[in-house]
Amino acid sequence: AWSGLAFSAPEQQCYLGYFRSLDSSGSGRIAGPIVVNFLSTSGLDRNLVHLIWGIADGRNSGSLTAEDFGVAMRLVAHVQAGKPVSPNLA
């Protein structure tokens, strides 16, 4: 399900748990405003959240799949650890 990205099993479990709680319709995608509101609870500046969104939604679909959401969550964690936002960290 998580092709090409090196997510550990604990990361996948954690991120999928959050994803499923936000994907109330069970569609397998979460709309942008829901994701941005959720990521904003991380304490990051809103501009950083929007930058992370832009990287995670690389297809400009306006919503995230579970894997895209995992990328966003990983980037949030990196920024919280003091690293700059970079697609290379995803």
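Described below are features of the structure shown in this document. (Residues numbered from 1 in each chain as written. Predicted model: local features only at pLDDT ≥ 70, side-chain atom pairs only at ≥ 80, totals over all residues. Heavy atoms only, no water.)

### Digging into the overall build of the protein
Counting its secondary structure elements, the protein contains four helices and two strands. The helix and strand sequence of the protein, counted from the amino end, reads α-β-α-α-β-α. Relative to the compact-globule value of 12 Å for 90 residues, the protein shows a C-alpha radius of gyration of 12 Å, a close match. Principal-axis analysis of the C-alpha atoms places the extent of the protein at approximately 35 × 25 × 25 Å. Put simply, the protein has 90 residues, and 40% of those count as buried. In the protein, the proportion of contacts linking residues at least 24 apart, taken out of those at least 6 apart, comes to 56%. When the accessible surface of the protein is split by element, carbon and sulfur atoms take 55% of a total near 4,900 Å². Here the protein carries 6 positive and 6 negative side-chain charges, and the mean point of each set is 2 Å from the other. (Helix = DSSP H or I, 4+ residues; strand = E, 2+ residues; numbered from the N terminus. Rg over C-alpha atoms; globule rule 2.2 N^0.38 Å. Buried < 20%, exposed > 50% of the residue type's maximum accessible area, 1.4 Å probe, protein only. Contact = heavy atoms within 4.5 Å. Areas by Shrake-Rupley, 256 points an atom, 1.4 Å probe, with all protein chains shown as cover. Lys, Arg positive; Asp, Glu negative; His and termini not counted. Charge placed at Lys NZ, Arg CZ, Asp CG, Glu CD.)

### Section: the side chain of Ser63
Its place among the elements puts Ser63 in strand β2 (residues 63–64). Within the structure, Ser63 has its side chain in polar contact with the side chain of Arg29 (distance 2.7 Å). Aside from chain neighbours lying at most four places away, what touches Ser63 is Arg29, Ile30, Ala31, Gly32, Trp53, Asp57 and Asp68. (Polar contact = N/O pair within 3.5 Å; in protein donor to acceptor, adjacent residues only side chain to side chain.)

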